[in-house]
Structures are given as structure tokens and as C-alpha cells.
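Secondary and tertiary structure notes
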Amino acid sequence: MTVEVHWQRYLNWCRANAPLTAATINIPVNAEYVREQEARTGRRWPAELHTWFGIHNGGPDGKPFVQVFPSFRPLPADQVTARWKSLTEIWANMTAQMGGPSLLNQPAGTVTFTYIDAYIPIAENGSGDLIVVDSRPGENYGAVLEFAGEVTDQMAIRWPSLSASLSEIATSLENRQPCRGWIPFVENGLLDWDYP
């Protein structure tokens, strides 16, 4: 199934159970705007990422804290490129030490131990950790990874695609079961996740 189908499942669940979350998600941006943001990164974004911003434009800064991925706020498209630029600059020296351009030639999903400009950040948790989409070519092109500020990208692939991530999240909500160990709950109309 597609990003749109699983997003609708997520949104339907939120409308019925966490209406504040559903009401707070930013409205989509147009395709031209997304292409402009993509061009700023100099990377070819997976089609699913274009679809992602065509169905919503992340969550607002501050409160209420809108979560799609457990404990992570989805970034609006303009914040994606701002974070991408900032992180690329901050990690430039480490990236050079780890092999620089050669890291971009490795297949998507390969651990780099640094932030590379092929990582497109799509969500943050406020503690320096990010959810990124790997735009390097290869079998795992478009994989969804966690980039933890202190341990970089040493985590394994979280999901092979955005649609796979939304499918697992929506199923977790619908069945009230954990998602990667995170348990969904609703407080004051807002979806939250607990990691016991």
C-alpha cells in the first residue's frame, strides 16, 4: 500500500481518538514548493517524500507537540532544508575524516558514523535526534533511519520506506499495540508515546 493510504489510517485514528493531534498537523504544501526544497539539498528525493509533503507539512514548533513517529515531530518542508544545511555544515569535518564523498557512493542504508548530505531529515525529537530518509542509491534507497545526535547513524534501518513506517505506526494505533517498543496513548486529545 501507499504513503497516502497509511497516512489516512493514521489520520482517521487521530480524528477519532486524538483530535488535537489531527487538528494541529500542518496543511500540505504544493508540489512546486517541495521541488524547490529538494533542489536546495542537491539530492534526488524519493517519490514517497514528495508524497509525504503533499499530504501534510509536518507539525508546528512548540506546543502541542505533534507526533507521527513515536516521540518525533514531523518537520515542515522548509525546516527540512534548514536542518539539512545546518547538519551538513556541523558534521562536515567528521564526514571528511570518515571518507567524505566515498560515503555517498555506498549503498543506501550503509552505516556512515557521521551525518552525510544524502540524509534528508524529516522528523526530530527536540533532543538532537532525527528521523532521516537515505537518498543514496541502492536497494535501500528511501530507507528511514534514526540519526541519534550522540551515536550518529549507528542504528540499523528502522523501516525500508516511508510507507512501511506509516503502516507499522497506523497498525500500532489501530490495534493499541507497541511500535518499536513505544506504546501509544492519548492525553487531552493529543497522541503521545511511552517507552516503558
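Whatever comes next refers back to the structure up there.
Residues numbered from 1 in each chain as written. Predicted model: local features only at pLDDT ≥ 70, side-chain atom pairs only at ≥ 80, totals over all residues. Heavy atoms only, no water.

1. A closer look at the overall build of the chain
Scanning the chain from terminus to terminus reveals eight helices and six strands. Mapped from its N terminus to its C terminus, the chain presents α and β elements in the order α-α-α-α-β-α-α-α-β-β-β-α-β-β. Relative to the 2.2 N^0.38 estimate, which gives 16 Å for 196 residues, the radius of gyration of the chain is 16 Å and therefore close to what a compact globule would have. C-alpha extents for the chain along the principal axes are approximately 50 × 40 × 30 Å. Evaluated residue by residue, the chain yields a buried proportion of 49% over its 196 residues. Put simply, 54% of the contacts in the chain that link residues at least 6 apart link residues at least 24 apart. Surface exposure of the chain reaches about 8900 Å², of which carbon and sulfur atoms provide 53%. In the chain, 14 side chains carry a positive charge and 21 a negative one; their mean positions are 3 Å apart. (Helix = DSSP H or I, 4+ residues; strand = E, 2+ residues; numbered from the N terminus. Rg over C-alpha atoms; globule rule 2.2 N^0.38 Å. Buried < 20%, exposed > 50% of the residue type's maximum accessible area, 1.4 Å probe, protein only. Contact = heavy atoms within 4.5 Å. Areas by Shrake-Rupley, 256 points an atom, 1.4 Å probe, with all protein chains shown as cover. Lys, Arg positive; Asp, Glu negative; His and termini not counted. Charge placed at Lys NZ, Arg CZ, Asp CG, Glu CD.)

2. Structural notes on the packing of helix α1 (residues 3-17) against helix α8 (residues 162-175)
How two helices pack is summed up by the angle between their axes together with the distance between the axes. Where α1 contacts α8, the axes come no closer than 8 Å and their chain directions differ by 25°. The angle between α1 and α8 falls in the class roughly parallel. Of the two possible hands of crossing, α1 and α8 adopt the one that is left-handed. Here V3, H6, W7, R9, Y10 and W13 of α1 lie close against α8, whose contacting residues are L162, S163, L166, S167, I169, A170, T171, L173 and E174. Grouping the constituent residues of the contact of α1 with α8 by class yields nine nonpolar, four polar and two charged. (Axes fitted to C-alpha atoms, helices over the stretch in contact; angles between N-to-C directions. Parallel < 35°, antiparallel > 145°, perpendicular 65-115°, else oblique. Left-handed = near helix turned anticlockwise from the far one by under 90°. Nonpolar A, V, L, I, M, F, W, Y, C, P; charged D, E, K, R; others polar.)

3. So, the pattern of salt bridges
Inspection of every chain in the model, using the stated rule, returns nine salt bridges. R83 is paired through a salt bridge with E124; the nearest N and O atoms lie 2.9 Å apart. Here R83 is found in helix α5 (residues 77-90), whereas its partner E124 is found in strand β2 (residues 119-124), with 41 residues between them in sequence. Under the relative-accessibility criterion, R83 is labelled partly exposed at 25%. On the basis of relative accessible area, E124 is assigned to the buried category, the value being 15%. (Salt bridge = Lys/Arg side-chain N within 4 Å of Asp/Glu carboxyl O.)

4. Side note on the nonpolar core
Residues Y10, L49, W52, F53, F69 and L162 are the most contacted members of the largest nonpolar core, which totals 50 residues. Secondary-structure elements contributing two or more residues to this core are α1, α4 (47-55), α5, β2, β3 (130-134), β4 (144-147), α8 and β6 (190-194). Examining the composition of this core, we find that six residues originate from one element, α1, more than from any other. Those residues in contact with W52, other than ones at most four positions away along the chain, are V3, V68, F69, P74, I122, L162 and L166. (Core = buried A, V, L, I, M, F, W, Y, C linked by side-chain atoms within 4.5 Å.)

5. Examining the pairing of β2
Working note: regular strand, side chains alternate between the two faces of the sheet. Within β2, six of the six residues are buried, which leaves it mostly tucked inside the rest of the structure. Sheet topology note: the β2/β3 ladder contains five bridges and is antiparallel. Paired with E124 across the bridge in β3 is L130. Here β2 hands over to β3 after five residues, with G126 in that stretch at a positive phi of 85°. (Pairing = 2+ DSSP bridges.)

6. Considerations on the environment of N26
If you trace the backbone, N26 turns up in the loop between α2 (19-24) and α3 (31-41). C-alpha of N26 to C-alpha of F53: the two residues are 27 residues apart in sequence and 9.8 Å apart in space.

Structural measurements only, silent on function.
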